[in-house]
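Now for the letters of each chain:
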Amino acid sequence: MMWAGVICWLLVADGPVAPKPMDPFPPTLRAFLQQEPAALPNHVGYLKELARLPELAATETAWWRARTKSALRNLDTQFDEVLGESPEAQSRFDTFYAHLRENPELRSAVENLVRTELDKAKASPEMTRAVQYLRGHPDVAMRFLTNPSQVRPLPEALQGAYDAFLEDPEWMASLRTAFQAVLDTPEAYEAVLPWWEQLEKLGVATSESGEGLPTELYQHPRELWLWHLRNINRARNDETRPWIRYWNRLIHRDPLLAQEYGPFINQLLQEPEQLRQHLATLQDLQTADAEPWPPKMKPPTLPPLDMSHPALRMQQRMNHPEVDSPGAATRPAMKIPQRPVPPVFPEFPRPETKQGNEKSTGPTFPTFPEFPTGKRSTEKGRTPQRPQK
């Protein structure tokens, strides 16, 4: 009945309206919409979609309440960002839930398998990791669930839970039966197994940073089913689903807005008059030539988010074109004048040098001729004798 009242208020004909209490517009949301006017149609369209689909509103608000836990909110943000960065993973995820929504038999088989897994997996992260591995490798799963000793070498994901499987053969047989029921559904090979294979790859890729969202949800079955039903109801409309996801990604990129937006939405949906007044306030902010929501085009691709930092430190970033930053200003290069070259004095002529290899080390003098020398006596100790008279 509450949702019928909401829709009636939104569609009521023009007429006198009594004064109502002030719209509790969160300051963070108001500042965000003023800074990014292009995001306003997404907020308005999301509210109208919740008013149009009561089941979607119920699962969305339930998940907003579950996200008040910071640990779950951070893991949900991380998982959503990983999907957003991989078009293939996002496509397999959407195909999986679209087929579950359209095929009750397939949905029943998948949910029965999950319930069977939870009998053991909810008590042990090692068992959760093991059943996720088996879903991602169906051929290994059927051999292992028939006789664990048939799988050698044993994959690392199964080693920690190997003894637990052997200790409960009855549960292992139930798990094999539930798995076989999924494989007997023709659409399983088109929609289910591709996503489970992709989910296993995503789990391996994020294992270094701790347990991911699927492992955490298996430890908290209540939140697991809320998350599952939310995705089922989002699959009702292929046109609004990508824009709802885009709007939610913008919200969780602003830490303060991510904390306040969910409680605000819950408050609006519990008070139909506040929802009506809030939409009236948004109408004043929206331009007259605003396009209908959802747009026919695909949502913009958001830039990758640095997941190495905690979610509380993440900063919201819209899809602005990236502009090269000019960087820090640099001082102009100063031209230092060169020293004047000293004048070159003329060289005095140098005297001629001797021919040959000898080098002159100083000035030369004229060479005098050599005079003949007298012959010296070769006889030693004799003196010339005087002639005799």
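See the structure above.
How each quantity is defined
Residues numbered from 1 in each chain as written. Predicted model: local features only at pLDDT ≥ 70, side-chain atom pairs only at ≥ 80, totals over all residues. Heavy atoms only, no water. Axes fitted to C-alpha atoms, helices over the stretch in contact; angles between N-to-C directions. Helix = DSSP H or I, 4+ residues; strand = E, 2+ residues; numbered from the N terminus. Parallel < 35°, antiparallel > 145°, perpendicular 65-115°, else oblique. Contact = heavy atoms within 4.5 Å. Nonpolar A, V, L, I, M, F, W, Y, C, P; charged D, E, K, R; others polar. Core = buried A, V, L, I, M, F, W, Y, C linked by side-chain atoms within 4.5 Å. Buried < 20%, exposed > 50% of the residue type's maximum accessible area, 1.4 Å probe, protein only. Expected span 1.5 Å × (residues − 1). Bend = angle between axes of the 7 residues up to and from the residue. Salt bridge = Lys/Arg side-chain N within 4 Å of Asp/Glu carboxyl O. Phe/Tyr/Trp six-rings, centres within 6.5 Å; stacked < 30°, edge-to-face > 60°. Lys NZ or Arg CZ within 6 Å of the ring centre and 35° of its normal. Left-handed = near helix turned anticlockwise from the far one by under 90°.

## Side note on the packing of helix H16 (residues 241–252) against helix H17 (residues 255–270)
Contact geometry of H16 with H17 gives a least axis separation of 6 Å together with a crossing angle of 125°. Regarding the angle of H16 to H17, the classification is oblique. Packed against H16, whose contacting residues are Trp-247, Ile-251 and His-252, the element H17 presents Leu-257, Ala-258 and Tyr-261 at the interface. Looking at the contact of H16 with H17, its residues break down into five nonpolar, one polar and no charged.

## Quick word on the nonpolar core
Phe-144, Phe-165, Trp-195 and Trp-196 are the most contacted members of the largest nonpolar core, which totals 58 residues. Once you skip the residues sitting within four places of it in the chain, Phe-144 turns out to touch Leu-134, Val-151, Leu-154, Leu-158, Tyr-162, Phe-165 and Met-172.

## Regarding the side chain of Arg-241
Tracing the sequence through the fold places Arg-241 in helix H16. Arg-241 gets classed as buried once you look at its relative accessible area, which sits at 9%. Among all residues touching Arg-241, those that are not within four sequence positions of it are Asp-94, Arg-234 and Ala-235.

## Section: unusual backbone geometry
Pro-153 follows Arg-152 through a cis peptide bond whose omega is 0°. Assignment of secondary structure puts Pro-153 in the loop between helix H9 (138–146) and helix H10 (156–159). The amide bond that connects Trp-293 to the next residue, Pro-294, takes the cis arrangement and shows omega of 5°.

## Quick notes on H17
With 16 residues, H17 should reach 22 Å at 1.5 Å per residue; the first-to-last C-alpha distance of 24 Å fits that figure. Largest kink in H17: about 30°, centred on Tyr-261, with the proline Pro-263 one to four residues after it. For H17, the set of buried residues is Pro-255, Leu-257, Ala-258, Tyr-261, Gly-262, Phe-264, Ile-265, Asn-266, Leu-268 and Leu-269.

## Here's the deal with the pattern of salt bridges
Scanning the model with the defined rule gives 17 salt bridges in all. Residue Glu-197 pairs with Lys-201 through a salt bridge whose shortest N-O separation is 3.8 Å. Taken together, the positions of Glu-197 and Lys-201, both in helix H13 (residues 188–205) and four residues apart, correspond to about one turn of that helix. Take Glu-197: its relative accessible area is 37%, and that puts it in the partly exposed class. Classification of Lys-201 as partly exposed rests on a relative accessible area of 47%. Salt-bridge contacts for Glu-223 lead to Arg-222; the nearest nitrogen and oxygen are separated by 3.3 Å. Taking the relative accessible area as the measure of exposure, Glu-223 reaches 7% and is therefore buried. Each of Glu-60, Arg-230 and Arg-234 takes part in a single network of salt bridges with overlapping partners.

## Comments concerning the packing of aromatic side chains
Taken as a whole and judged by the stated rule, the model has 15 aromatic pairs. Taking 4.9 Å as the distance between ring centres and 85° as the angle between the ring planes, the aromatic pair formed by Phe-96 and Tyr-97 counts as edge-to-face. The class for Phe-96 is buried, based on a relative accessible area of 4%. Tyr-97 gets classed as buried once you look at its relative accessible area, which sits at 3%. Centre to centre, the rings of Tyr-97 and Trp-227 are 6.4 Å apart; their planes meet at 85°, and the pair counts as edge-to-face. Residue Tyr-97 is found in helix H6 (residues 87–102), and its partner Trp-227 is found in helix H15 (residues 221–234); the two are separated by 130 residues along the sequence. Taken together, the ring pairs in this structure connect Phe-79, Phe-93, Phe-96, Tyr-97, Trp-195 and Trp-227 into an aromatic cluster. Its guanidinium or amino end placed over the ring of Trp-225, Arg-115 lies 4.8 Å from that ring's centre, counting from NZ or CZ. The ring of Trp-196 has Arg-135 lying over it, and the distance from NZ or CZ to the ring centre is 5.5 Å.

## Some words on the packing of helix H2 (residues 27–35) against H17
Between H2 and H17, the shortest axis-to-axis distance is 9 Å and the interhelical angle comes to 115°. Judged by the angle between their axes, H2 and H17 are roughly perpendicular. Like other packed secondary-structure pairs, H2 and H17 cross with a definite hand, here left-handed. Contact residues: H2 offers Thr-28, Leu-29 and Phe-32, while H17 offers Leu-256, Leu-257, Glu-260, Tyr-261 and Phe-264. When the residues that make up the contact of H2 with H17 are grouped by side-chain class, the tally is six nonpolar, one polar and one charged.

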